[in-house]
Amino acid sequence: MPARAPLRHAFPVAVAALVALQLGLALHFAPPEVLFGGRPVLQIASDAPVTQVARGVEALDDHFAGWSYDVRRSAGGPSGTAWDVRSPAWTLTAWALSRLGVPDAPAHAAFLGLAHLLAPWAVFAAVLLLGLGRWTAWTAGLLATSLWYFDAHAHWSWWSGRAGWALAAFLAPLALALVLRWAREPRRTRAVAAGAMLAVLPLVHVAALLPLLPALAAVAFARGPQPSRRRWPGALIMTGLVVAANAWWVWAALRGGGGGSLPDATGGGLSLLLADLFGFIGPDPLVSGVISNRTVFRLLVLAAAAATLVRWYREHDFRFGPFAWGVGGTLAAAYLGDYVPGLASLGTYGFLLFAATLAVPPAAATLVELVRGFDPRALPQRTVLLLAVAGVVALPAAARDVIYFFPEAVPDPRPPANSPVGQIGFIDTPHVSFRHEAPERDFAGVAGWVRAHWDGTGRIAVHGPLLAEYLLWATDAPILGGRAPRLPYVRPTFGPAGGLPTDPPPSPEELRDYLRTYAVSLVITWFHAFPPDRFGEVLVPVARLPAGHVVYRSREAPSWFAENSGLVRASTSRLEVHGVDAYRDVVLRFHWHPRLRCRPQCRLVREPVPGDPAGFLRIPTPHPSSMYIDNAY
């Protein structure tokens, strides 16, 4: 007995070690001083920028609606819709915290912190619900932590602003486990638990149920121990909960407008399969991630899961069908999506993350069985030798994937500039560690200049998406630039969301037309993009700001009116027009949207604009001299 006493505490100690590991990694990659330091977290390719969430919070406060007509972004258009934020839960979290008095930036970043804390433990809980044992749950938690931080696709997803998609993938095994638990014993309480979890997934990411459809279909059509008629009440309960919890944002998104590929990626092809197998960057770096393609932990999980699935198939285990269809269906969609009409538009390569997380529970079961039944003395000598060779190959590969994300702990491997090895590019170049970061401090200086010098007339065209997003968050100025809206009718002529082109630059005539069309008063660029000898008749430089930013002023005074004249006051979801000639049509340089309404006794029609599918706002006669344009939601 004394010899076995320490084993009683082995599991609690192991859980404490896993907690310490996970918290340590979370604190490293999501530093509290960044998340709660008072500045927004802006990363490349962010699909839930702070301004989108902020506009959603503002709409919830003012109208209890999930989106607004944003007069400050892209010459007016919907902002904060679920199609853009992609995670209604992100907006709801920020709104709830703001109601408690939390400042905007920490309220927005709190969702990122929650994602880091919840992801591995959701998989841990799923394994317990599946009845695979506590050590299997611990192993699953360790594998999930490894995937979250050291798999290229998972790390790229949460780092680049797609934390909703990443978190939904790690919640998927828990949802499937709850559904399986209900299928084995269809009680109403279990149906409520499973339905609640399924209802949460679309709130975390609007497309999160799509990758689960093969697994859920396998549950629906499987022959369980209970008659199928006993499942109908539970199925109705689950469906009702999903619809009730998500109807509000679906309705708002449809009224606000929507479109685009849902899971934030592209359709998959066999070239991406080869890239993942051999660790290459895929043909489109923005898909596989602009980081080295680290896939060892993902491949380990998938291979170990395959072994358990084979055993479950032979044993007629009820878990085989849902997990085989769940993993196999998402893998097929990820790599064959380009070859199936309609699937590529859904961004099916993003399903790969769901395939990896759904494979974690069976993979953990395989690894635990290997450890429990491993006795090197009973194995043939050749088997021991093969295992040793495999370990020598696999362990360094896994270590390299881990070390890659801690470049600050590794000496710089670059040879001298005149080294032939360096010239032919065999040595990796230094890279960032892909931690959450606040915007550059120079951005605050630019925002301070805008607040001090923008006089309220005209828009500001900004080159550089992260700077534009920061100015949208930090100032009240209307900005052209930033992340391109997903709605096709809110994209001005030049560049994404009205950002200025620099390669190749426009001609002076094109630039003058652009500035006039979108009522631009100031232009902020990263560098001296418009030399005075060519653009001197269009722009005049007025300031040099930190980090090489240059501010130009348009030589032509901007006007919010393309036809008529008067005074315009613009605020979120509202335009006030005063002092216009009541006997002439009014055309405002704000994008048309079908939910806008004009009062009193006036109406809105779309005014075509060359190169801009959205068009502007025309108020035909008769109309009064003062009018109000509101978002009717």
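Computed from a predicted structure; not experimentally measured. (Residues numbered from 1 in each chain as written. Predicted model: local features only at pLDDT ≥ 70, side-chain atom pairs only at ≥ 80, totals over all residues. Heavy atoms only, no water.)

1. Description of the overall build of the protein
Our working definition: We count a stretch as a helix when DSSP gives it H or I for four or more residues in a row; a strand needs E for two or more, and each element gets its number in order from the N terminus. Summary of the burial criterion: residues with accessible area below 20% of their type's maximum are buried, those above 50% are exposed, and those between are partly exposed, where the area comes from a 1.4 Å probe applied to protein chains only. By the convention used here, residues are in contact when the closest approach between their heavy atoms is within 4.5 Å. Note on areas: these come from Shrake-Rupley sampling with a 1.4 Å probe, and a residue is covered only by the protein chains present in the view.
The helix and strand inventory of the protein stands at 24 helices and 15 strands. Per-residue burial for the protein yields a buried fraction of 52% across its 633 residues. Here the analysis covers contacts within the protein between residues at least 6 apart in sequence; of these, 71% occur between residues at least 24 apart. Carbon and sulfur atoms make up 64% of the accessible area of the protein, which totals about 27800 Å².

2. Some words on the side chain of S146
Looking at the secondary structure, you find S146 in helix α8 (residues 134-150). Those residues in contact with S146 that lie beyond four places of it in its chain are D151 and F297.

3. Concerning helix α14 (residues 270-278)
The cut-off we apply is this: As used here, the arc belongs to the directions running from the helix axis to the C-beta atoms.
If you check which residues of α14 are buried, you get L272, A275 and D276. Angularly, the buried residues of α14 cover 95° about the axis, an arc narrow enough to put them on a single face. Just downstream of α14 lies G279, where phi reads positive at about 75°.

4. Quick word on unusual backbone geometry
Both trends apply: most residues other than glycine have a negative phi, and most peptide bonds are in trans. Following R599, the chain continues to P600 via a peptide bond in cis, the omega torsion being -5°. Among the secondary structure elements, P600 is positioned in the loop between β12 (596-599) and β13 (605-609). With an omega dihedral of 0°, the bond running from T621 to P622 counts as a cis peptide bond. With respect to the helices, strands and loops of the structure, P622 is situated in the loop between β14 (612-619) and β15 (627-631). Phi is positive for S74, close to 50°, though the residue is something other than glycine.

5. A word on the packing of helix α2 (residues 10-29) against α8
In plain terms, the rule: For helices, the axis comes from a line fit to the C-alpha atoms of the stretch in contact; other axes are also lines fit to C-alpha atoms, and the angle between any two N-to-C directions lies between 0 and 180 degrees. Note on angle classes: values under 35 degrees are labelled roughly parallel, values over 145 roughly antiparallel, values of 65 to 115 roughly perpendicular, and the remainder oblique. A crossing counts as left-handed when the near helix is turned anticlockwise from the far one by less than a right angle, and as right-handed when that turn is clockwise.
For the pair α2 and α8, interaxial distance at closest approach is 11 Å and the crossing angle is 10°. Regarding the angle of α2 to α8, the classification is roughly parallel. Judged by the sense of rotation from one axis to the other, the crossing of α2 with α8 is left-handed. Residue-level inspection shows A10, F11, A14, V15, L18, L21, Q22, L25, A26 and F29 of α2 in contact with α8, the latter providing R134, W135, W138, G141, L142, T145, Y149 and F150.

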